[in-house]
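# Working through the structure, step by step
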Amino acid sequence: LTSFKIIFFMKTEEFNYHLPEELIANYPLENRANSKLLVFENNIEHKKFYEIQNYFEADDLLILNETSVIPARIFGKKETGGQVEIFLERILDDKKILVQIGSSRSPKTGSVIIVNDNKLTVEGRQGSFYILKLDQEPLDFFNEYGHVPLPPYIKRADEELDKSRYATVYENKNFQDSVAAPTAGLHFTSDLLDIIKNAGVEILKVNLSVGAGTFQPVKAENIKDHKIHSEYAHVSDYVVSKILDAKTKGKKVTAVGTTVTRALESAFFNRNPSEFKGYTELYITPGFSFKAIDRLITNFHLPKSSLLMLVAAFVGMEEMKDLYNHAVENRYRFLSYGDAMMVNKKNV
């Protein structure tokens, strides 16, 4: 496990804001690229997402997270008949999985959970998570019985449309390893990516396995006391070399989402940037020195979340507050199925 942490003394409450419930998007728009886009370069502009093509120049880099989402929510029952909801956190070795379990009473070690005649044995606990043992390959099991893992703030059951819309158009099923979507990428269509590519922009891909910890609120009074979730990331030497080359040419490196940002900045954290392959606990808060990316495309995040702290670190604390006030006032749609923003790195 590779562990990075930025220590900075700030009150978590400074990252709070009022999010009207009606601004939380429960469904995606019919057309991905018709989302609104709040652009902040020298000033604030209100655009449609498909207009993002106008902000790139030849030889710029656009970097995507090609991870694919596992149908990570399973419903079952205890042998005693009680209902159980299982939410996957991570697939372990030897047909074991690390999960959250929702039930009226916590299951005991050695007890069995039944899902469509399949028996899952509770082998123990790891913090707030449970370790379950299956009798088949976990990914096959979830693909057969799982539901789309919509975030907890979407107050509805998953539907057929979510199978395609809670996924990017560029997902790589060989990297089906996330339990939440890299949502900044949900706005891109294949046509829009082709337009950007044909303008001379190089589109690169990394992989970061998004964990359920991405939704974990920061509960500590000081942000320095929060234990950040770890996620598996892979940034190749090729991507690192392309970024270094772009910087020597004065070209912009644009990350699509906080997941790409976390992966790239992990690769560039040390003095000599190189391939990164492993678990990252990089905690990006105000005061962090960004070395990889120049521009960030991201959705609007929950109050007091580590993702909001990352945005504040990138664009500036007061600028972040101003942008979010603008978004609320202009009725932008928030969170996973919501609208997007594109911001430049604050010049320090």
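Anything mentioned here points back to the structure above.
Residues numbered from 1 in each chain as written. Predicted model: local features only at pLDDT ≥ 70, side-chain atom pairs only at ≥ 80, totals over all residues. Heavy atoms only, no water.

## Some points on the overall build of the protein chain
For the protein chain, the count of helices and strands is seven helices and 17 strands. A compact globule built from 348 residues should have a C-alpha radius of gyration of about 20 Å, and the protein chain, at 20 Å, falls within 12% of that. Seen through its C-alpha atoms, the protein chain measures out along the principal axes to roughly 60 × 45 × 45 Å. Buried positions account for 54% of the 348 residues belonging to the protein chain. Look at the contacts in the protein chain between residues 6 or more apart in sequence, and 73% of them connect residues 24 or more apart. Placing the 43 positive and 46 negative side-chain charges of the protein chain at their respective mean positions leaves the two points 4 Å apart. (Helix = DSSP H or I, 4+ residues; strand = E, 2+ residues; numbered from the N terminus. Rg over C-alpha atoms; globule rule 2.2 N^0.38 Å. Buried < 20%, exposed > 50% of the residue type's maximum accessible area, 1.4 Å probe, protein only. Contact = heavy atoms within 4.5 Å. Lys, Arg positive; Asp, Glu negative; His and termini not counted. Charge placed at Lys NZ, Arg CZ, Asp CG, Glu CD.)

## Focus: empty space enclosed by the protein
Here the structure, examined in full by the defined rule, presents two cavities of 30 Å³ or more. Approximately 410 Å³ is the volume found for the largest cavity. If you trace the largest cavity, you find 34 residues lining it, with Thr 214, Thr 258, Thr 259, His 301 and Leu 307 closest to the centre. Elements supplying a minimum of two residues to the lining of the largest cavity: α5 (258-267), β16 (295-299) and α6 (306-315). Considering only enclosed or pocket space, the second largest cavity measures out at about 90 Å³ in volume. Split by residue class, the lining of the second largest cavity holds four nonpolar, five polar and three charged. (1 Å grid on protein atoms, 1.4 Å probe; cavity = no way out; pocket = protein on both sides within 12 Å on 5 of 7 lines; lining within 4 Å. Points joined across faces, edges and corners; volume = space filled by probe spheres on them. Nonpolar A, V, L, I, M, F, W, Y, C, P; charged D, E, K, R; others polar.)

## A look at the environment of Thr 67
Relative to the helices and strands, Thr 67 resides in the loop between β3 (61-65) and β4 (68-69). The exposure class of Thr 67 is buried, given its relative accessible area of 2%. Separated by 24 residues in the primary sequence, Thr 67 and Ile 91 have C-alpha atoms spaced 15 Å apart.

## Overview of the environment of Ser 35
Tracing the sequence through the fold places Ser 35 in the segment before β1 (36-40). Distance from Ser 35 to Val 206, taken between C-alpha atoms, is 24 Å for residues 171 residues apart in sequence. If we skip the residues at most four places from it in the chain, Ser 35 touches Leu 29, Lys 47, Lys 48, Phe 49, His 187, Gly 338 and Asp 339. A polar atom in the side chain of Ser 35 sits 3.0 Å from the side chain of His 187. (Polar contact = N/O pair within 3.5 Å; in protein donor to acceptor, adjacent residues only side chain to side chain.)

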